[in-house]
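As a plain string of letters, each chain reads:
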Amino acid sequence: MNGGGPGEDREGRSSDVDALVGEALARVAEADTSEKLRELATELTGKRSPLSRAKAGLAALEAGERRAAGMALNAARQAVEAALESRRLELVAAERTALLEAERLDLSEVVPGRRRGHLHLVTQARDRLEDTFIGMGYTVAEGPEAESDWYNFEALNFPAGHPAREMYDTFYLELGPPESTLLRTHTSPVQIRIMESSEPPIYSVMPGRCYRIDTPDASHLPVFHQIEGLVVDRGITFGALAGTLDAFTEAYFGQGFRSRLRPSYFPFTEPSAEFDITCVFCKGEGCRTCGRTGWLELGGCGMVHPNVFAAVGYDPEVWSGFAFGFGIDRLVMMRHGIDDIRELITNDVRFLEQF
Ligand code: DAH
């Protein structure tokens, strides 16, 4: 507004004020960037604006006129300020949209000859494992990574103080009573969750992340992945377990790969076994990696312990079942001949790009 505009010397006359407001609103509507609008706001409502000057001029009026003129000026200021604010919101929104549009990345864009990233090797393996078991008629289930002592230990037949708990260096969470909440040390607690929430028959696999206190080295990470299997039905035998693992081994690794079982111990299975697969490096001939045995250890398995069925309220006279569990990261390392598990989390693109 230039210096000689309305209100300069006839402060507060309503026709002048109307003209002032009319002109101000028109200029507000014309402002096309929030930057320009900010400058305009100073011009229209700042200390040197006609509105402010008109207000200062009120003092020269007679008391009677002053009141009416003062009210008119206040109303005018409110109208101008409201217009500025609503225009500001419009411009800011438009500018934000324009910025987003300008910075948009088209992640679906295909650049010939250039790969735009892919699933991590462990995720690929997990997907393939799931597919293999789905092909064998299994469903896939998941459970929480933060677990209670009950699911991770107690219900799996590790009572408090059981020496087998020593197999698991556990991260406890500061939640609830001491040592009542933890990061699951294996995927076996998901077995309990499935049995609690459904009736047999059960044919399921349960992949997921697990945690144990471990200093990272070539074969250990404090965060790793397992896949658990659980079958509960009538008349399930140890032979069914052995046959299932053998069928899985061939479906996943390919023809010529076999599995074998060796006696072992886990509180939640009886009898328990370790299962080995044909060494992927020498195909069973015997090499350095497999200690010349021709076999590589993959995981644990066994027949579900009656105490575990009791914990979930299944009748062990009616139902029987088997379970197994193994490390996905270990499996990936075997399959691809990776000799240091830390490669999987270092995020070195030269490593990741190979898979
Ligand atoms: N949960 C065991 C571990 O992490 C692995 C395991 C062994 C799972 C035997 C099973 C099983 O389901 O039957 O050490």
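Residues numbered from 1 in each chain as written. Predicted model: local features only at pLDDT ≥ 70, side-chain atom pairs only at ≥ 80, totals over all residues. Heavy atoms only, no water.

K.L.:
Would you mind showing me how to read the sheet that holds strand E6 (residues 259-266) here?
P.N.:
Adjacent strands of a sheet pair through backbone hydrogen bonds, lying either parallel or antiparallel. In space, the seven strands of this open sheet follow the order E1-E4-E5-E9-E8-E7-E6, with mixed pairing throughout. Each edge of the sheet is formed by a strand with only one pairing partner; in this case those strands are strand E1 (139-140) and E6. Relative to strand E9 (residues 320-327), strand E8 (residues 295-304) runs antiparallel, the two sharing five bridges. The residue of E9 that forms the bridge with Gly300 is Gly325. Here helix H8 (residues 238-253) sits on the sheet and contacts E6, strand E7 (269-278), E8 and E9; the angle it forms with E6, its principal contact strand, is near 125 degrees. (Pairing = 2+ DSSP bridges. Helix = DSSP H or I, 4+ residues; strand = E, 2+ residues; numbered from the N terminus. Contact = heavy atoms within 4.5 Å. Axes fitted to C-alpha atoms, helices over the stretch in contact; angles between N-to-C directions.)

K.L.:
Looking at this structure, how should I read the site of the ligand?
P.N.:
Near the ligand there are 16 residues, and of these His186, Ser188, Arg212, Gln226 and Glu228 occur at the shortest range. One of the side-chain nitrogen or oxygen atoms of His186 is found 2.9 Å away from a nitrogen atom of the ligand. One of the side-chain nitrogen or oxygen atoms of Gln191 is found 3.2 Å away from an oxygen atom of the ligand. In isolation the ligand exposes 360 Å². Once the protein is present, 93% of that is buried. Elements supplying a minimum of two residues to the shell around the ligand: strand E5 (223-233), E8 and E9. (Near = heavy atom within 4 Å. Polar contact = N/O pair within 3.5 Å; in protein donor to acceptor, adjacent residues only side chain to side chain. Areas by Shrake-Rupley, 256 points an atom, 1.4 Å probe, with all protein chains shown as cover.)

K.L.:
Would you mind going over unusual backbone geometry with me for this structure?
P.N.:
The phi angle of most residues is negative, glycine excepted, and most peptide bonds adopt the trans form. Following Pro200, the chain continues to Pro201 via a peptide bond in cis, the omega torsion being 0 degrees. Structurally, the position occupied by Pro201 is in the loop between helix H7 (189-197) and strand E4 (202-211). Cis geometry marks the peptide bond from Glu270 to Pro271; its omega dihedral reads -5 degrees. For Asn347, which is not a glycine, the phi torsion comes out positive at approximately 60 degrees. Looking at the secondary structure, you find Asn347 in the loop between helix H11 (343-346) and helix H12 (349-352). Using a relative accessible area of 53% as the deciding quantity, one classes Asn347 as exposed. (Buried < 20%, exposed > 50% of the residue type's maximum accessible area, 1.4 Å probe, protein only.)

K.L.:
What am I meant to see in helix H10 (residues 328-336) here?
P.N.:
Among the residues making up H10, those that are buried are Ile328, Asp329, Leu331, Val332, Met333 and Met334. Gly337 occupies a position one or two residues after H10 and carries a positive phi of about 65 degrees.

K.L.:
In this structure, what is going on with the side chain of Ser52? I would like to understand it.
P.N.:
With respect to the element layout, Ser52 can be found in helix H3 (residues 50-57). Ser52 gets classed as buried once you look at its relative accessible area, which sits at 17%. Looking at Ser52, its side chain comes within polar contact range of the main-chain oxygen of Gly46, at 2.7 Å. Sequence-distant contacts of Ser52, defined by excluding residues within four places in its chain, comprise Thr45, Gly46, Lys47 and Arg77.

K.L.:
Sorry if this is basic, but what is going on with the nonpolar core here?
P.N.:
Most often, soluble globular proteins keep nonpolar side chains buried together rather than apart. Counting residues in each nonpolar core, the largest one holds 43 residues, and the members touching the most others are Leu129, Leu298, Phe322, Phe324, Phe326, Ile338 and Leu344. Apart from the residues within four sequence positions on either side, Phe324 is in contact with Phe133, Val205, Ile227, Glu228, Gly229, Leu245, Phe275, Gly300 and Cys301. Grouped together as the second largest cluster of nonpolar side chains are 26 residues, Leu182, Met206, Val304 and Tyr314 included. (Core = buried A, V, L, I, M, F, W, Y, C linked by side-chain atoms within 4.5 Å.)

K.L.:
Is there a simple way to think about the packing of helix H5 (residues 121-135) against H10 in this case?
P.N.:
Axis separation between H5 and H10 bottoms out at 10 Å; the angle between their running directions is 100 degrees. Taken together, the axes of H5 and H10 lie roughly perpendicular to each other. When H5 is examined against H10, the residues Leu121, Val122, Ala125, Arg126, Arg128 and Leu129 are found in contact with a partner set consisting of Ile328, Asp329, Leu331, Val332, Arg335 and His336. (Parallel < 35°, antiparallel > 145°, perpendicular 65-115°, else oblique.)

K.L.:
Just to check I follow, could you spell out the domain arrangement of the protein chain for this structure?
P.N.:
The extent of an interface is frequently quoted as the accessible surface area lost upon association of the parts. As far as domains go, the protein chain holds domain 1 (6-103) and domain 2 (121-352). Distance between the C-alpha centres of domain 1 and domain 2: 72 Å. (Domains from an automatic or database assignment.)

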